[in-house]
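# Structure assessment
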Amino acid sequence: MDEHVIRTYVRRPEVFVSGEGCVVRDADGHEWLDFLGGIAVSALGHGHAGLVDALRDQAGRLLHVSNLYRHPYTEDVAGRIARLSGMEAVFFTNSGAEATECALKLARKAQRMRGHPERTGFVALEGGFHGRTMGALSVTSGAKYREPFAPLVPGVTFVNRGDLDGLAAALRAEPAALILEPIQGEGGIFDHGADYLRAARDLCAETGTLLIHDEVQCGSGRTGKFLCGAWSGIVPDIATLAKPIAAGLPMGACIVAEGLEGTLVPGDHGSTFAGGPLVLRAAQVVLEALEGGLLDEVTARGEQFRAGLEGLHARHGLVQEVRGRGLMLGLRTERGPDVQKALFDRGLITNCTAGDVVRFLPPYIVTAAEIDRALEILDQTLGAL
Ligand SMILES: Cc1ncc(COP(=O)(O)O)c(C=O)c1O
């Protein structure tokens, strides 16, 4: 019974007890194909043998030493993230929201060090989601997330998606940073497109504004490149990661480009748990897989899935649009919540975001056969509705 649980989530009655690859099972032995992956988290699926072995081994060796002491994985994982992202240095966090907090603090400190302590504001985009702590919520646009908790951090300007004139005007007011998701996740798998992202990069450079790419949902290889912004040839000043980076353990990261690595100094920021041996051991397994060819698999499976979704779009009037890239895809349909519920009843886990987008964030290890099966369930469900 859940009477002692604060009801911030509406949970389904099924109790999930185990999983294998892209399949999860409930206590009664029913199985589902998991195309949500714990909301973009379970990059290696469920029960991944290499991950389980590494975690078992690490649990028996060392769980926690704090950030006051070295352990074998801090430098290794930071180095891998730097190489994969083309950026310079990493601060580890426990979540996406904490990665956002770090990014915002870092941007203000960097402006201060550049002789602009007055540049404290932030520009963010409508539809953007950056987390639920006070700072992260302040740059998250949705009224339903914000209003009950006002007042939030002052000095945030929101600009409509696609409105480059509005963005230019907001940046000319000299904020500390612009924060955006290259592909908005909660905002409905909305891809701003390379032209918009490059224009935003140029406007930031022109106005001395730091560019923060929130890659918590679209990053860590989800779209087939380690950072989604790389599809547009962009290296942001600051990027954030979380969700899949440790394949299910709570971990995030705030990464900075060359030149910003000295911004935060001892005492400026910290975390008791972040970057501990267990989560970083998990991250090491994920990063090794990405370095070892998993990114190509994500691209191939993403293309297969997207082509199948385009086929459904052509056949079913219920589908208005296919969105996204790699294994971050969405179907826009006015009946999003009905579709999502009917898919669940037929054994496919997805979710509905932004009111009308059925969202797919399957594990990176999804097979071609599992994608075919998901498309079959979608076809039947859309047909039945
Ligand atoms: C783009 C983005 N940023 C930040 C967050 C916040 O991450 P967390 O829930 O780990 O705090 C999320 C979570 O959905 C997200 O999608």
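If you're wondering where the values come from, they're calculated on a predicted model, not measured in any experiment. (Residues numbered from 1 in each chain as written. Predicted model: local features only at pLDDT ≥ 70, side-chain atom pairs only at ≥ 80, totals over all residues. Heavy atoms only, no water.)

## As for the domain arrangement of the protein
Here the protein is described as being made up of domain 1 (16-48 + 293-384) and domain 2 (50-289). Relative to domain 2, the C-alpha centre of domain 1 lies at a distance of 26 Å. Each partner contributes residues to the interface: domain 1 has 28 residues there, and domain 2 has 29 residues. Regarding the contact of domain 1 and domain 2, the summed buried area is about 2,400 Å², with carbon and sulfur atoms giving 61% of it. Viewed at the interface, domain 2 and domain 1 are joined by 1 salt bridge. One salt bridge connects R359 with E186, and the closest N-O pair in it is separated by 2.7 Å. Every element with two or more residues in the side of domain 1 that touches domain 2 is listed here: α1 (37-40), α9 (277-315), β13 (321-325), β14 (328-332) and β17 (357-360). Looking at the side of domain 1 that touches domain 2 residue by residue, the class counts come to 16 nonpolar, 9 polar and 3 charged. (Domains from an automatic or database assignment. Contact = heavy atoms within 4.5 Å. Buried area = accessible area lost by both parts, 1.4 Å probe. Salt bridge = Lys/Arg side-chain N within 4 Å of Asp/Glu carboxyl O. Helix = DSSP H or I, 4+ residues; strand = E, 2+ residues; numbered from the N terminus. Nonpolar A, V, L, I, M, F, W, Y, C, P; charged D, E, K, R; others polar.)

## Regarding the site of the ligand
If you check the shell around the ligand, you find S95, G96, A97, F129, H130, G131, E181, E186, D214, V216, Q217 and K243 and nothing else. One of the backbone nitrogen or oxygen atoms of F129 is found 3.3 Å away from a nitrogen atom of the ligand. Taking Q217, its side chain carries an N or O atom lying 2.8 Å from an oxygen atom of the ligand. Residues that form the shell around the ligand fall into these classes: 3 nonpolar, 5 polar and 4 charged. (Near = heavy atom within 4 Å. Polar contact = N/O pair within 3.5 Å; in protein donor to acceptor, adjacent residues only side chain to side chain.)

## Section: helix α11 (residues 368-384)
In a regular helix each residue adds 1.5 Å, so 17 residues correspond to 24 Å; α11 covers 24 Å between its end C-alpha atoms and thus fits that length. Those residues of α11 lying buried are E370, I371, A374, L375, I377, L378, T381 and L382. Across the axial projection of α11, the buried residues extend over an arc of 160°, all falling on one side. Away from the buried face of α11 by more than 90 degrees, exposed residues A369, G383 and A384 are located. At its buried positions, α11 is contacted by β3 (31-34), α9, β14, α10 (336-345), β15 (348-349) and β17. (Expected span 1.5 Å × (residues − 1). Buried < 20%, exposed > 50% of the residue type's maximum accessible area, 1.4 Å probe, protein only. Arc of directions from axis to C-beta.)

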